[in-house]
Amino acid sequence: MSAPDPNRLPPVARPSHYDLELVPDLDAATFTGVEAVTVELLDDLDDLVLHALDLAVTEAWLERDDQRVDATVTYDTAAETATLHLAQTAAAGTWTLHAAFTGELNDKLVGFYRSTFVDDAGATRTLACTQFESTHARRAFPCWDEPAAKATFAVRLVVPDDLLAVSNGAEIASEPLADGRRRVTFATTMVMSTYLVAFVVGPLEASEPIDVDGVPLRVIAPVGKADLTPFALEAGAFSLRFLADWYAIPYPGDKLDLVAIPDFSFGAMENLGCVTFRETALLVDRDRATQAELQRIADVVAHEIAHMWFGDLVTMNWWNGIWLNEAFATFMEMLTTDAFRPEWQRWVDFGLARSAAFDTDSLSTTRPIEYEVRSAADAEGMFDVLTYEKGASVVRMLQQYLGEDRFQAGIRHYLTTHAHGNTETTDLWDAIEAATGEPVRQTMDSWIFRPGHPLISVTAAEDRRTITVRQSPFAFHADPAAGAAAPDPRPRSVPVVLRTGTGDGTTVHRILLEEAEATVALDAPFDWLVGNHEGNGFYRVERSDDGLAEVAARAATQLSPLERYGLVEDQWGLLLADRVEVGRLLALLRHLATEDDLSVWQRMVGVLGGVERVAGDDQREALAAWTRALVAPALRALGPAPTPEESERTTALRATLTEALARIGRDDEQLALARERFAALADDPAAVDADMADAVVRIVAGRADEATWEELRRRASAARTPQDRLRHQGALADTDDVELVGRFCALVLTDEVRTQDGLFLLRRAFGNRVATATVWRFIVEHWDELTARFPSASVPRLLEGIRTIGDPVLAAEVAAFLDQHPVPQGATVVSQHRERMWVTVALAARVPGQLAAALA
Ligand SMILES: [Zn+2]
């Protein structure tokens, strides 16, 4: 016997089926519901406890055969439960629990909530929809709201006749009622967790279903937006077919709807058969969208459909498993999008996601990927860069180390073995071990349960026939005010893959480095060496000056894009760790001047922007000139405008270089050209390609006067697509006019900005060096209002902005304020933002001195 766990329901009842009828009143923002739940009592009970929050249970009783046991109800708001006090003892066995209840359609973007939008005629329309993960089903109906309490669900919705209603199962009946409403009945689902239940009711229109190997697939959008659905439909059909084939298991639902919701706090949610999305992640005008915007939709659609098997069919036993659910779906999203559009080079672009993971995982406040989760609230902190980006990077490292076929065989074995069940993380490693015979569990444990990642130092012997590989924990150097802890020095199990080159070709060397140091003996001397073959290892590489120069000189001819990307990423990390000076980073960038890959350039431009932020004011012009000398020839080499033969990534690269030249290079000619293009776009949205149009908006916004700023605002309000709205609204944050920054901040608190977007927009303004102090003062003055108005999950995202603060005085103010105003829903994430801020402070203290020599 052990003490009952206060975070879990008493293990005395097992639901197996819910019969649910919900009646939303969109105008009054309320709903009523009735349910009949088949439940097995494992013991004789006087009380029955289940989850319910912000619900009034008006009536409840247990029934079997001709026996009825009435109940009175009390609530425990802190535990988010209702207790049914039974009028007499109910004997162990199977019963039906009947309950009637009422609730509010809230504005918090969780549970059963309301969302509004303005239709083409200018009228405000209302819809009701759900977001239940992690623990919000309890806000819509009384239930056993834990992932292991799987059951089948038969849903009915009573709705006004002119509204569309969808849920997880296919619609199987629609019955008109006398009062102008109708009762829509949906097919019973497979057994699944409560967090995957969904219903959506509103003025929506559905695309004609397309048949994907027997599964009807639709995209559903607010009325008037049907023309923005074809791309998602194409991506959805591809993903559904690709994934069923890859998993070798048929799609587990009976239909699939992808539904765009105007107010949505996450990117999307993998409700079985009824996936909900933020509009920018589903609706798009494919002819006027950037490559990145289209890719985002393909990614998110693939990610959610990947969950239909990994997450929905096989589900984590408890919330500690969220990381695996998300890391794996993120990995599958890359794999699927890479197959959907090979020309997008999805795995190369994944380098950027890996950089984001490295950036947090180099802090002493980083966390292990998996940690003990007692309450569901503990798990809310798991929806972060370490779960998605580091988790997916580690899965990718494993896949590449084992080989793609063996890895796939392991996943198939896992899903088949545990279909319709619940699992622990170790079940996955065991399944892959069974399929491959490799010690997967032991290797993965050192990545999953240990925070951080190693620095791999690679040195060659004089005769160039022996390579010594050493590991040590990697950490950024923070200002002492951060109080950063020293990293754990014990070695870990690192799959290191090296590649050496000679005149005759290249050789790959794989070692599982388990000690602090190992040597690799070669048959013949090598000319050059890559420390992280194809960039798949989740580690950083340190080289001598000569070793780096040797490989950088051959970058264009011998290295893959991800390997070149890795050179830049590693040198940037080493700069932040205070292991190299900025001059070495700039020298590397000069070696890469003829680079032609989009992702590599994006990283080069990203680190240049990082250097520019911490440069001295008197150094900016010299740095701008240096940037122009680097970027202008690369831009010239691409030609002035897209050609019919060029790839979408080349078109995007032209826009990236143009923006770098105009903004970091402060090139007057490019600024003037952007202003011309911005004017032309007002009359003709096709005046330039979509990627260039996107860059033009940011270039113009960065130097906007009041009239231009108001024009951006007007274009945001008039935008027809979610991408266009966000593009213009976001650019308002980029202005270098402090007065306009203040106006931008105030705008975030008005109805002109959706609550789902507000804090993300404010965060963006932090990235604008001129705006940082103004934005911070605004946050301090409006803290209570901001935290009350916006979804609580987005507050830690807002504070991500402090990572770029390099001024020690402002940093101290920020730290003092956050001491007084803790953010309980994101304590770990906020502590990481704080430490990263002190890394920037330390960087800002040493770079100007180094830069003077580097630019001389
Ligand atoms: Zn996901």
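In this text the structure is predicted, and so the values were computed from the model without any measurement.

K.L.:
How do you make sense of the overall build of the chain when you look at a structure like this?
P.N.:
Counting secondary structure elements, the chain contains 27 helices and 29 strands. Here the C-alpha radius of gyration of the chain, 28 Å, is about what a compact globule of 856 residues would show, namely 29 Å. Relative to all contacts within the chain whose residues are 6 or more apart in sequence, the contacts with residues 24 or more apart total 71%. When the accessible surface of the chain is split by element, carbon and sulfur atoms take 50% of a total near 31,800 Å². Considering the chain, the positive charge centre built from 78 side chains and the negative charge centre built from 130 side chains are found 4 Å apart.

K.L.:
Sorry, what's going on with the packing of helix α21 (residues 738–748) against helix α23 (residues 772–781) here?
P.N.:
Each packed pair of helices is defined by two parameters, the angle between the axes and the distance between the axes. Contact pair α21 / α23: the axes reach a minimum separation of 9 Å and the direction vectors enclose 35°. Note that α21 runs across α23; the crossing there is right-handed. Residues V738, V741, G742, C745 and A746 of α21 touch α23, and the partners they reach there are T774, V775 and F778. Of the residues contributing to the contact of α21 with α23, the split by class is six nonpolar, two polar and no charged.

K.L.:
Can you walk me through the nonpolar core in this structure?
P.N.:
Soluble, globular proteins show a tendency: their nonpolar side chains are buried together. By size, the foremost hydrophobic cluster in this structure holds 170 residues, and its most contacted members are F141, W144, Y247 and W309. Look past the residues within four positions of F141 in its chain and what remains in contact with it is Y18, L20, E35, H51, L55, F101, F132, F153, V197 and F199.

K.L.:
Even after reading the chapter, I still don't get the coordination of the zinc ion, so can you show me in this structure?
P.N.:
For a metal with four tetrahedral donors the ideal donor-metal-donor angle is 109.5 degrees, whereas six octahedral donors ideally subtend 90 or 180 degrees. Looking at the zinc ion, the protein donor atoms are H303 (NE2), H307 (NE2) and E326 (OE), and they sit 1.9 to 2.2 Å from it. One chain supplies every donor for the zinc ion, spaced along it as H-x3-H-x18-E. Of the two residues, H307 sits in helix α2 (residues 291–307) while E326 sits in helix α3 (residues 322–340), which places them 19 residues apart along the sequence. Judged by relative accessible area, which is 0%, H307 ranks as buried.

K.L.:
Is there a simple way to think about the pairing of strand β4 (residues 55–64) in this case?
P.N.:
Looking along a regular strand, one sees the side chains alternate between the two faces of the sheet. Both β4 and strand β7 (residues 93–104) contribute to a ladder of eight bridges, which runs antiparallel. Across the sheet, the residue bridging to V57 is F101, located in β7. Sheet topology places β4 next to strand β5 (residues 67–76); four bridges connect them, and they run antiparallel. The partner of L62 across the bridge, within β5, is V69.

K.L.:
It is not clear to me how the packing of helix α18 (residues 690–702) against helix α20 (residues 722–731) should be interpreted in this structure. Could you clarify?
P.N.:
Packing of α18 against α20 brings their axes to within 9 Å, and their N-to-C directions diverge by 20°. With respect to α20, the element α18 is oriented roughly parallel. Note on packing geometry: the crossing formed by α18 with α20 is right-handed. Along its contact with α18, which presents D694, V697 and A701, the element α20 presents R727, H728 and A731. Split into classes, the residues belonging to the contact of α18 with α20 amount to three nonpolar, one polar and two charged.

K.L.:
Can you help me understand the pattern of salt bridges in this one?
P.N.:
Side chains that differ in charge, positive against negative, can pair when their charged atoms come close. Across all of its chains, the model carries 69 salt bridges by this definition. For D694, the salt bridge goes to R698, with nearest N and O atoms at 3.1 Å. Of this pair, D694 and R698 both sit in helix α18, four residues apart, roughly one helical turn. Exposure remark for D694: the relative accessible area of 13% places this residue in the buried category. The partner of E739 in a salt bridge is R743, and the shortest N-O contact between them spans 3.6 Å. Of the two residues, E739 and R743 are both situated in helix α21; the distance of four residues between them amounts to about one turn of the helix.

Reading the values: rules and limits
- Once a new chain begins, its residue numbering starts again from 1 and follows that chain's sequence as written.
- Local features are withheld for residues below a pLDDT of 70 in this predicted model, meaning they are given only at 70 or higher, and side-chain atom pairs are given and counted only at 80 or more; totals for whole chains, interfaces and linings count all residues.
- As a rule here, side-chain values cover all heavy atoms of the structure and leave hydrogens and water aside.
- Strands here mean DSSP runs of E at least two residues long; helices mean DSSP runs of H or I at least four residues long; both are numbered from the N terminus.
- Note on method: radius of gyration uses C-alpha positions; expected globular size equals 2.2 Å times residues raised to 0.38.
- Note on definitions: a residue-residue contact is assigned when non-hydrogen atoms from the two residues lie within 4.5 Å.
- Per-residue and other accessible areas follow the Shrake-Rupley method at a 1.4 Å probe size, with only the shown protein chains counted as cover for residues.
- Here Asp and Glu are counted as negative and Lys and Arg as positive; His is not counted, and neither are the chain ends.
- The location of each charge is read from NZ of Lys, CZ of Arg, CG of Asp or CD of Glu.
- Here an angle of 0 to 180 degrees is reported between the N-to-C directions of two axes, which are lines fitted to C-alpha atoms, with helices fitted over the stretch in contact.
- Take the far helix as the reference: if the near one is turned anticlockwise from it by less than a right angle, the crossing is left-handed, and if turned clockwise, right-handed.
- Note on residue classes: Ala, Val, Leu, Ile, Met, Phe, Trp, Tyr, Cys and Pro are nonpolar, Asp, Glu, Lys and Arg are charged, and everything else, Gly too, is polar.
- For this analysis, a nonpolar core means a set of buried residues of the types Ala, Val, Leu, Ile, Met, Phe, Trp, Tyr and Cys, connected via side-chain atoms within 4.5 Å.
- When a residue's accessible area, from a 1.4 Å probe over protein chains only, is under 20% of the maximum for its type it is buried; when over 50% it is exposed; and in between it is partly exposed.
- For Na, K and Ca the donor cut-off is 3.2 Å, and for all other metals it is 2.8 Å, counting N, O and S atoms only; because water is absent from this set, sites may look incomplete.
- DSSP-based pairing: two strands are paired if at least 2 bridges between them are found.
- Angle categories are assigned with fixed cut-offs, so that under 35 degrees is roughly parallel, over 145 is roughly antiparallel, 65 to 115 is roughly perpendicular, and the rest are oblique.
- The working definition used for a salt bridge is a side-chain nitrogen of Lys or Arg within 4 Å of a carboxyl oxygen of Asp or Glu.

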